[in-house]
Amino acid sequence: WADRTPGRRVLRGVQQDISEIARVRDRLREAQSQYRFLFEHNPLPMCVYHRTTLAILAVNNALVRHYGYQRDEMLAANMMDIRPPEEAQAARDLLLSTTIPYPQGHVWTHARKDGTRMRMMAFGDEIKFDGHPARLVVLHDVTASEAAQNRFQVIARATTDAIWDWEIGTDSLWWSDSYYALFGDRDADTPGSIRAWETRVHPDDLQRVDASLEAAIASGASAWEATYRFRRKDGEYADVFDRGFLLRDSVGRAYRAIGGMLDVTQKHRDEADLRLLRRAVESTDNGILIADARQPGLPAVYVNRAFERMTGYSAEEIIGSTFRLMEDGVDQQPELEAIRQAIAAPREVQVRLRDTRKNGEPYWRDLHLAPVLDDAGILTHFVSVQSDVTEHQRVLAQLAYRATYDDLTGLPNRQLLHDRLQQAIRNAERLQTAVAVLFIDLDNFKLINDSLGHSAGDDALRILAERFGRAVGSNETLARFGGDEFVAVLTDQVDEAAVGRVLARIGGALAQPLQVGDAQHYMTASIGYCRFPEAGSDAETLLKHADIAMYQAKRQGRNQTVAYRADFDASVTERLQLISALRDALRRDEFRLVFQPLFDRDGAAVGMEALVRWQHPERGLLVPGQFIGICEDSGLIVPLGRWVLQEAARHHAKLTALGLGHLRIAVNVSAEQFGQTLQADVQHAMNLHRLPHGALELELTESVIMATPDSAIDTMRELDSLGVSLSVDDFGTGYSSLAYLKRLPIDRLKIDRSFVSDLGNGGDDDVICATIIQLAHSLGLQTVAEGVETEQQLDWLRARDCDELQGFHLAMPMSFEDTVHSLRNPAVTWPPVRLH
């Protein structure tokens, strides 16, 4: 422009090199695109919420999937909708605080749409979102059983720049229009001189920045740059990068400077967030691998340290190599094909794989593979998150093992025995050979349990199982049939002489004293045996006839060995007579209920289990083991179960009258009763005695449920709608499918006493019980430990947050009156019973 001052004519213009500024702009646009890409497509949950209203302003795909909501539902909610009630006030106070609530990470309890709880580590930072004061939150799922993915991402905005022209001699300072948009000033508020500019520099930075500027001017330098804090119109300080070029006259004196101020506030925040993300990814226990989907063979472009530790391979060995999931690997697992199909689709996939580490050690891993698409929907990468589940898989294998093997003795159980016997029969039919079945029942074994306790009885069974195994031989099958009964299946020693030698060795094993506790004991057994094909052509018949022969041995005075004869079937008459007596017992009301209380971790009584007894007119009070089996065989278990339901309901009405209506009563349900008229029986009992919801609990075994799982689920849902509680009894002794377990409308898992007996000694039972408790809690279920007989077991279970406890150490089964009296007048020792 022209200076019109008389006598003076000057033409002045501005020439600026903005190449570096343009390059910075390009880099920031690229960073913005990358951060948006990370936010939308990274599998870690992330959201942005309004700092004052707590409204959720943005969510990424991972958060929508992880929390189970639709995206529209999340965007219509606020941060309190995902908080459980017990943390609501603390969460609200922190979220509304003026400081960043969790810059270094804080763990909170969140709730999915279906109500399940999860523990989430949150990392947050202040941002502006569509002009609103907001916070960006990155979430990391740190919950136990089963499993989670740990990745953090950041999002940032690009900034703009302001151009300035400083005439040093007159101290006149000019700014481009971009300055006003950047710092919110009006023309009147724009610093028009270096002195006015200095008033906007943060006081803590002013001396340093002034000194650097004066030094550049005095030293003859052609450029100056500094990073400092600059106050915006709203009073907030922005981090800026300022760079100027000094123009000098012929003698080297600076007379003018032209430069640009770049707002790097968001860049600094983004860099800090990226450092945080890298630290989080590097510190997670999950192995993370990123493969380039645009290159042949999907070469790996990144792995974290956890992946190196898990596989034993270094990052240098992995990066650039073909994606290992595409190799055939150690074997042709079906899951590998599922991965290949997911890569070809592309789509997400979750599988469990067997693999080997670099040193050859086998291990199991859970793998979650997700495709990453750019803004145009083009596949660019695959992200793989992997966790080492070797120990978890070992526990599952142990549970599966226990479904077919007896936990106490390590012998095959009844189910596996039946399978092996049937296979032996098929082989014998094909080879025209024989099979011998020996049924061994220990005489008066109950005396050991009653006099020395169940622990001593278990020791005796383990010792005898080992001795019987040696007597039978490693090529034959020895199984624990149940309780104090063993069955041997002989395929190599089947003629009379060979069977006699096996029986002689079993007799020799029994002749040796048993060192149980501090004393020696001697055991005898009643043994019955039969052979295929003479005594039957299928497993059920052979076991039945061997059992009949054993029963004859007991009738002959015990400590006998008897071979099956056809005329023994006459003994069935006696069983029919017993069945008749049981029918009379039902008609004459000879059955009784006793009750064993259940307590919570703090010792408060929460319920009681109803247990049936037979008040036999001649033999006295009989426990279930003396008549339940015959009831099940004869079908009497259904009317007996119906009677137990009615009596349990009637006694709960009495509890209510006594002011103890908050205690529930649990009843065992047999397979036969479950498959017939259970719903009608339950509804009738509840209506007759006006029971409230939750007053009655039905205990079902895994075998009952898994026999016909889909039908069982339907039945259980109908029962649940009636207002009864449902629990899985003896959990862990069967083989439950986790896919079905999460569908069951149950309230509790009862840990079988066989897992509780050895707690606190650091063995497999500790791992299994801890796994069951964690599994139950992750599914929103309570756990009940039965068979608590020692203080050590009690302390262990309470320390692991087992919800309820039951056993002789806490309370014996008693009559209703004695049970109520004991709950109202607790002993001085634990548990300190509280009725309310």
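**Observations concerning the overall build of the protein**
Here is step 1: Within the protein, the regular secondary structure consists of 29 helices and 31 strands.
Here is step 2: Counting across all 836 residues of the protein, residues that qualify as buried make up 48%.
Here is step 3: In the form shown here, the protein has an accessible surface area of approximately 39,600 Å², with 50% of it arising from carbon and sulfur atoms.

**What to know about empty space enclosed by the protein**
Here is step 1: Put simply, the largest cavity is a space of about 80 Å³.
Here is step 2: Lining the largest cavity are Trp164, Trp166, Leu173, Trp175, Ile194, Trp197, Leu213, Trp224 and Asp242.
Here is step 3: Counting residues per element, the ones that place at least two in the lining of the largest cavity are strand S6 (161-167), strand S7 (172-175) and helix H6 (194-200).
Here is step 4: Here the lining of the largest cavity is built from residues that sort into 8 nonpolar, no polar and 1 charged.

**Considerations on the packing of aromatic side chains**
Here is step 1: Scanning all chains against the criterion turns up 12 aromatic pairs.
Here is step 2: Each ring, one from tyrosine 179 and one from phenylalanine 230, has its centre 6.5 Å from the other, and the planes form 75°; the classification is edge-to-face. Residue tyrosine 179 is located in helix H5 (residues 178-183), and its partner phenylalanine 230 is located in strand S8 (residues 223-231); the two are separated by 51 residues in the primary sequence. Per residue, the accessibility class of tyrosine 179 equals that of phenylalanine 230, and both read buried.
Here is step 3: Residues phenylalanine 183 and phenylalanine 230 carry aromatic rings whose centres are separated by 5.0 Å and whose planes lie at 70° to one another, so their mutual orientation is edge-to-face. On the criterion of sequence distance, the pair formed by phenylalanine 183 in helix H5 and phenylalanine 230 in strand S8 is long-range, its members being 47 residues apart. Both residues of the pair, phenylalanine 183 and phenylalanine 230, belong to the buried class.
Here is step 4: Chaining the aromatic ring pairs together yields one cluster made of Trp175, Tyr179, Phe183 and Phe230.
Here is step 5: Residue placement shows arginine 83 over the ring face of tryptophan 108; its charged tip is 4.9 Å from the ring centre.
Here is step 6: It is arginine 357 that lies over the ring of tyrosine 363; its NZ or CZ is 4.2 Å from the centre.

**A short note on the packing of helix H22 (residues 678-689) against helix H24 (residues 709-722)**
Here is step 1: Relative orientation of the contacting elements H22 and H24 amounts to 5°, with a least axis distance of 10 Å. Between H22 and H24, the crossing angle belongs to the class labelled roughly parallel. Along its contact with H22, which presents Leu678, Gln679, Val682, Gln683 and Met686, the element H24 presents Thr715, Glu718, Leu719 and Leu722.
Here is step 2: Its residues placed into classes, the contact of H22 with H24 shows 5 nonpolar, 3 polar and 1 charged.

**Focus: the confidence of the model for the protein**
Fine structural detail should not be taken from predicted coordinates in areas where pLDDT scores are low.
Here is step 1: For the protein, mean pLDDT is 83; residues scoring 70 or higher make up 88% of the total.
Here is step 2: For the stretch residues 325-330, pLDDT sits under 50, and the model shows 16 contacts to residues farther than four places along the chain or on other chains.
Here is step 3: Counting contacts from residues 832-836, a segment whose pLDDT is below 50, to residues more than four positions away or on other chains yields 19 contacts.

**A closer look at unusual backbone geometry**
Apart from glycine, the bulk of residues carry a negative phi angle, and the bulk of peptide bonds sit in the trans form.
Here is step 1: A cis amide bond links alanine 345 to the next residue, proline 346, at an omega of -15°.
Here is step 2: Looking at where proline 346 falls in the secondary structure, it is placed in the loop between helix H11 (334-344) and strand S13 (349-356).
Here is step 3: For the peptide bond that leads from phenylalanine 532 to proline 533, omega is 10°, which places it in the cis range.
Here is step 4: Notably, leucine 54 is not glycine yet its phi reads approximately 65°, a positive angle.
Here is step 5: Mapped onto the elements of the fold, leucine 54 is located in the loop between strand S1 (46-50) and strand S2 (56-59).

**Considering helix H16 (residues 496-511)**
Here is step 1: A rise of 1.5 Å per residue sets the reference length of H16, with its 16 residues, at 22 Å; its end C-alpha atoms lie 22 Å apart and thus fit the reference within 8%.
Here is step 2: Along H16, the residues classified as buried are Ala498, Val499, Val502, Leu503, Ile506, Ala509 and Leu510. End-on view of H16: buried residues confined to an arc of 140°, all on one side of the axis. Opposite the packed face of H16, turned more than 90 degrees from it, sit the exposed residues Ala504 and Ala511.
Here is step 3: Buried positions along H16 lie against strand S16 (435-442), helix H15 (454-472), strand S18 (485-490), strand S21 (525-532) and strand S22 (561-563).
Here is step 4: Regarding H16, its N-cap is aspartate 495, as a side-chain oxygen of that residue lies 3.1 Å from the backbone nitrogen of alanine 497 further along.

**Here's the deal with the pairing of S16**
Here is step 1: Within S16, 8 of the 8 residues are buried, leaving the element largely enclosed by the surrounding structure.
Here is step 2: Going residue by residue along S16, you find Val435, Val437, Phe439 and Asp441 tucked away on one face and Ala436, Leu438, Ile440 and Leu442 tucked away on the opposite face as well.
Here is step 3: As defined by bridge partners, S16 adjoins S21 across 8 bridges and the pair is classed as antiparallel. Its bridge partner being in S21, leucine 442 is matched across the sheet by alanine 525.
Here is step 4: When S16 meets S18, the two strands line up antiparallel, connected through 6 bridges. Bridge pairing links aspartate 441 to glutamate 485 in S18.

**Quick notes on the sheet that holds S2**
Here is step 1: Strand order across the open sheet formed by 5 strands is S2-S1-S5-S4-S3, with antiparallel pairing between neighbours. Two strands close off the open sheet at either side, each with one partner strand: S2 and strand S3 (106-111). Each neighbouring strand pair of the sheet contributes to a mean axis angle of 35°, computed without reference to strand direction.
Here is step 2: Relative to S2, S1 runs antiparallel, the two sharing 3 bridges.

**Some words on the state of the cysteines**
Here is step 1: Considering all chains together, one arrives at 0 disulfides under this definition.
Here is step 2: Cysteine 769 supplies the cysteine sulfur nearest to cysteine 802, a cysteine that is in no disulfide, at a spacing of 8.1 Å.
Here is step 3: A residue is classified by how much of its surface remains accessible, and cysteine 802, at 0% relative accessible area, is buried.

**Points about the pattern of salt bridges**
Here is step 1: Under the counting rule described, the total for this entry stands at 43 salt bridges.
Here is step 2: Between arginine 340 and glutamate 337 there is a salt bridge; the shortest N-O distance is 3.7 Å. With arginine 340 and glutamate 337 both in helix H11 and 3 residues apart, this pair spans about one turn of that helix.
Here is step 3: Overall, the relative accessible area of 37% leaves glutamate 337 in the partly exposed class.
Here is step 4: One network of salt bridges, in which partners are shared, links Asp584, Arg587, Arg588 and Glu590.

Definitions and limits used
- Residues numbered from 1 in each chain as written.
- Predicted model: local features only at pLDDT ≥ 70, side-chain atom pairs only at ≥ 80, totals over all residues.
- Heavy atoms only, no water.
- Helix = DSSP H or I, 4+ residues; strand = E, 2+ residues; numbered from the N terminus.
- Buried < 20%, exposed > 50% of the residue type's maximum accessible area, 1.4 Å probe, protein only.
- Areas by Shrake-Rupley, 256 points an atom, 1.4 Å probe, with all protein chains shown as cover.
- 1 Å grid on protein atoms, 1.4 Å probe; cavity = no way out; pocket = protein on both sides within 12 Å on 5 of 7 lines; lining within 4 Å.
- Points joined across faces, edges and corners; volume = space filled by probe spheres on them.
- Nonpolar A, V, L, I, M, F, W, Y, C, P; charged D, E, K, R; others polar.
- Phe/Tyr/Trp six-rings, centres within 6.5 Å; stacked < 30°, edge-to-face > 60°.
- Lys NZ or Arg CZ within 6 Å of the ring centre and 35° of its normal.
- Axes fitted to C-alpha atoms, helices over the stretch in contact; angles between N-to-C directions.
- Parallel < 35°, antiparallel > 145°, perpendicular 65-115°, else oblique.
- Contact = heavy atoms within 4.5 Å.
- pLDDT = per-residue confidence, 0-100.
- Expected span 1.5 Å × (residues − 1).
- Arc of directions from axis to C-beta.
- Polar contact = N/O pair within 3.5 Å; in protein donor to acceptor, adjacent residues only side chain to side chain.
- Pairing = 2+ DSSP bridges.
- Disulfide = S-S within 2.5 Å.
- Salt bridge = Lys/Arg side-chain N within 4 Å of Asp/Glu carboxyl O.

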